[in-house]
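# Examination of the molecular architecture
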Amino acid sequence: KDSSIIALLPDNVGDQSASSQPTPVSPIKREEEHCIIIVRGDCKTVIDQMNGISLPRKQRRYFVQAKELLEKIEHKWNVHFVFEHVPRDQNILCDYICYKVAQMIQWRAVLDMKRSIKNVANEMMDPSFEMVKLPSSKKKRMRLAQSKFANLVQ
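Residues numbered from 1 in each chain as written. Predicted model: local features only at pLDDT ≥ 70, side-chain atom pairs only at ≥ 80, totals over all residues. Heavy atoms only, no water.

## Some points on the pattern of salt bridges
Where charged atoms of side chains with opposite charge meet at close range, the side chains can pair. Stated precisely, the cut-off is as follows: Here, a salt bridge means any Lys or Arg side-chain nitrogen found within 4 Å of an Asp or Glu carboxyl oxygen. Secondary structure elements are defined from DSSP: runs of H or I of at least 4 residues count as helices, runs of E of at least 2 residues count as strands, and each element is numbered from the N terminus. The rule is simple: take the accessible area with a 1.4 Å probe, protein chains only, and divide by the maximum for that residue type; under 20% is buried, over 50% is exposed, in between is partly exposed.
The full count for this structure, using the stated rule, is 4 salt bridges. Linking Asp-48 and Lys-44 is a salt bridge whose minimum nitrogen-to-oxygen distance equals 3.4 Å. Linking Asp-48 with Lys-44, this pair stays in helix α1 (residues 44–50), spanning 4 residues, or about one helical turn. The class of Asp-48 is buried, set by a relative accessible area of 15%. Taking the relative accessible area as the measure of exposure, Lys-44 reaches 45% and is therefore partly exposed.

## Focus on unusual backbone geometry
The phi angle at Asn-78 is positive, at roughly 55°, despite the residue not being glycine. By the secondary structure assignment, Asn-78 is in the loop between α2 (60–77) and β3 (79–85).

Note that every value here comes from positions in space, so none of it alone points to a role or purpose.
In structure tokens, the structure reads:
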């Protein structure tokens, strides 16, 4: 789902400006420093699960993996994760960024698929390419003849 990550230094670390706003920092800090990483998302179910308010039902395996990974990161980098729900109508920028990333991934998958189809077609044009032999069973031959792969057999 859509989410954003903001890392903040706590008030007692470093020099804060006159405003009460925390200073954005990189989530990777030296061991002696402590920072808070705020993960904001518009999926209330996931946010509630990560905050321990509710338990996952269908995707428990991913929840356990995420929690284990967060614990490792928190321990190794001396950080703390906070999850905040952001209503979808207030999450327009993140929605747009996630949409663009998903679009790029989708186009890459389409290009990879086109490349694979072209490679298979080139292999089939190669004179050394061997067609698939028919199965010995009559029932299997009938099933294959009715399938979309019928043109690949001799």
